[in-house]
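As a plain string of letters, each chain reads:
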Amino acid sequence: MTDDYLNKILAEYKECYAAYSALGSKVEHTVRRLCKNIPIHQITSRVKTRASLAQKIIKKDKYRNLDDITDILGLRIITYFEDDISKIEEILNREFTVDWSNSVDKGNIEIDKFGYRSIHFILQISERKAQTKEYADYKNIRFEIQIRSILQHSWAEIEHDLGYKSFVDIPQKAQRTFYRVAALLEQADIEFTKLKKEIHEFENSVNKNLKNKRELININESTIIAFVKKNPLLREIESAVRKALKTPGNSKFDSAYISANHFPAQLKDLGILNLIQLEEQLLRHKDEIIISEISYLRSVNQNLTDRSIKFAIPQGAPILWLIHYLQSNDNLI
Ligand SMILES: Nc1nc2c(ncn2[C@@H]2O[C@H](COP(=O)(O)OP(=O)(O)OP(=O)(O)O)[C@@H](O)[C@H]2O)c(=O)[nH]1
Ligand SMILES: Nc1ncnc2c1ncn2[C@@H]1O[C@H](COP(=O)(O)OP(=O)(O)OP(=O)(O)O)[C@@H](O)[C@H]1O
C-alpha cells in the first residue's frame with residue numbers, strides 16, 4: 001500500500017464527513033420511527049474517526065476509495081429479544097436498498113462454533129427516497145447497520161474490550177472461556193425468548209378467562225398487568241379521553257406507572273377483589289369517569305404556559321380515575 005491511497009481516502013473522508021454525519025441523524029431518526037413497536041434497548045450511531053479509518057486502511061491494505069469502506073457511517077440496534085432481530089431485518093429490507101454482497105449474518109456460524117453473533121447490514125437510501133430533495137446528496141453513500149440482542153452485544157463488547165483483534169495472542173484457556181460464555185449466552189437468549197412467549201400466553205389466558213367469565217381472577221400485580229395491557233374497555237376509555245383532549249398517539253404501557261399506583265391494594269380497600277368486579281365497576285362508571293377526567297385534565301392544561309405539552313395517558317389510567325371517583329364519592333362497592 002502506498003501512502004498515496006491512504007492520503008487520498010483521508011482527504012475524501014474530510015470532504016464527506018459532514019454528509020456522513022447528517023445522514024447518520026436522518027437514518028437514526030427513520031429507524032427509531034420504523035421500529036417504534038419493537039422493544040429496543042438502544043440505537044447508537046457513529047462516524048468512524050479519522051484515526052480508526054487510517055488504521056483500518058493500513059491494516060486491510062485493500063481499499064482504494066472511500067466508497068470501498070462500507071462502515072464509515074455505522075448504526076447499531078440492540079434488541080432485548082433475539083426473535084425481534086428478524087423483524088428489524090424485514091423492516092430495514094423494506095425501507096433501504098441492501099448491498100447483499102457486503103452484508104453478513106455473523107450469527108449464522110458453523111454448527112459446532114460459538115462466538116461473535118450479529119447481523120451486519122450494508123445499506124443505501126432507497127431509489128425512491130434518493131430522488132427526493134432531502135436525500136439527493138446521500139444517494140451514493142453506503143452505511144452499516146448492525147443488529148444484535150443485548151446478550152450478543154454484551155459478549156461482543158467484553159470481547160472487544162479485552163482485545164478481540166489480538167485474539168490469537170490470548171492464552172488458549174481464555175479463548176476457550178470466551179467460546180464457552182458465548183454458548184451460554186446463546187442459550188440464555190433462547191430462554192429469554194421462551195419466557196417472553198410464556199408471559200404473553202399468561203396475559204392472553206387471563207383476558208380470555210375474564211371474557212368467558214369462567215373464573216374469578218383475583219387481582220394481584222401480575223393479573224392487573226395482564227388486564228392493563230389487553231383489556232378493550234380500558235382502551236376505549238383512554239381513547240375517549242385522548243380524543244376529547246386532542247392528545248396524539250396511543251396510550252403506552254408503563255410498568256413504573258402500574259407499580260407506583262399500587263392498584264391491587266387500592267382496589268382491595270374499595271372492595272374490588274377480582275377482575276370481573278373491576279371490569280363491572282369500569283363499565284358502570286365509564287361515562288362519569290370520562291367526563292370528570294376530561295374536565296380535570298382540561299383545567300390543568302389551561303394553567304400550562306407551553307401549549308405544546310400534551311398529557312400522556314398511560315395504559316391503565318382509567319383504573320386510577322375509577323379509584324379517585326369511588327373514593328371521592330365514598331362509593332365502596
Ligand atoms: N467483539 C467482536 N466484534 C466483532 C467481531 N467480528 C466483527 N466484529 C465487529 O464488527 C465490526 C466489523 O468487522 P467485520 O465485519 O469483520 O469487517 P471489517 O473488519 O470492518 O472489514 P470489512 O469487511 O472489510 O469492512 C468490527 O469492527 C467489530 O465492531 C468479533 O469476532 N468480535
Ligand atoms: N455499526 C456500528 N454502529 C455503532 N457503533 C459501532 C458500529 N461499528 C462499530 N461501532 C463501535 O464504534 C466504536 C469505534 O469503532 P471503530 O470505528 O474504531 O472500529 P470498528 O468498527 O469496531 O472496527 P474496524 O476498524 O474493524 O471497522 C467501537 O466502540 C465500535 O464497537
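No experiment lies behind these values; they were computed from the predicted model shown.

Cut-off values and rules
Residues numbered from 1 in each chain as written. Chains lettered and ligands numbered in written order. Predicted model: local features only at pLDDT ≥ 70, side-chain atom pairs only at ≥ 80, totals over all residues. Heavy atoms only, no water. Patch = residues over 30% accessible without salt bridge, like charges linked within 9 Å, V, L, I, M, F, W, Y side chains within 5 Å. Areas by Shrake-Rupley, 256 points an atom, 1.4 Å probe, with all protein chains shown as cover. Salt bridge = Lys/Arg side-chain N within 4 Å of Asp/Glu carboxyl O. Lys, Arg positive; Asp, Glu negative; His and termini not counted. Charge placed at Lys NZ, Arg CZ, Asp CG, Glu CD. Helix = DSSP H or I, 4+ residues; strand = E, 2+ residues; numbered from the N terminus. Near = heavy atom within 4 Å. Polar contact = N/O pair within 3.5 Å; in protein donor to acceptor, adjacent residues only side chain to side chain. Nonpolar A, V, L, I, M, F, W, Y, C, P; charged D, E, K, R; others polar. Axes fitted to C-alpha atoms, helices over the stretch in contact; angles between N-to-C directions. Left-handed = near helix turned anticlockwise from the far one by under 90°. Contact = heavy atoms within 4.5 Å.

S.K.: If you had to explain a positive patch on the surface to someone new, which residues and values would you point to?
M.R.: A cluster of basic side chains, namely K59, K60, K62 and K106, defines a positive patch on the protein surface. Tracing the backbone through its elements, the reader meets K62 in the loop between helix 2 (50-60) and strand 2 (73-79).

S.K.: How would you summarise the site of ligand 2 if you had to cite specific residues and measurements?
M.R.: Surveying the vicinity of ligand 2 reveals 14 residues, the closest of which are K48, S52, K56, D71 and E144. A distance of 3.4 Å separates a nitrogen atom of ligand 2 from a polar atom in the backbone of G74. A distance of 3.1 Å is found between a nitrogen atom of ligand 2 and a backbone nitrogen or oxygen belonging to L75. Within the complex, 75% of the 600 Å² of free accessible area of ligand 2 lies under protein. For the shell around ligand 2, the elements supplying multiple residues, two or more each, are strand 1 (40-47), helix 2, strand 2, strand 6 (143-149) and helix 5 (150-161). Sorting elements by how many residues they give to the shell around ligand 2 places strand 2 first, with three residues. Residue classes in the shell around ligand 2 are distributed as one nonpolar, five polar and eight charged.

S.K.: I'd love a proper account of the packing of helix 8 (residues 232-245) against helix 12 (residues 286-302), names of residues and values included.
M.R.: Packed helices, taken two at a time, are described by the angle their axes make and the gap between the axes. It is the contact of helix 8 with helix 12, at a shortest axis distance of 10 Å, that shows an interaxial angle of 35°. Regarding helix 8 and helix 12, the two cross each other, and that crossing is right-handed. Every residue of helix 12 that contacts helix 8 at L233, E236, I237, A240, V241, A244 and L245 is listed here: K286, I289, I290, I294, L297 and R298. When the residues that make up the contact of helix 8 with helix 12 are grouped by side-chain class, the tally is 10 nonpolar, no polar and three charged.

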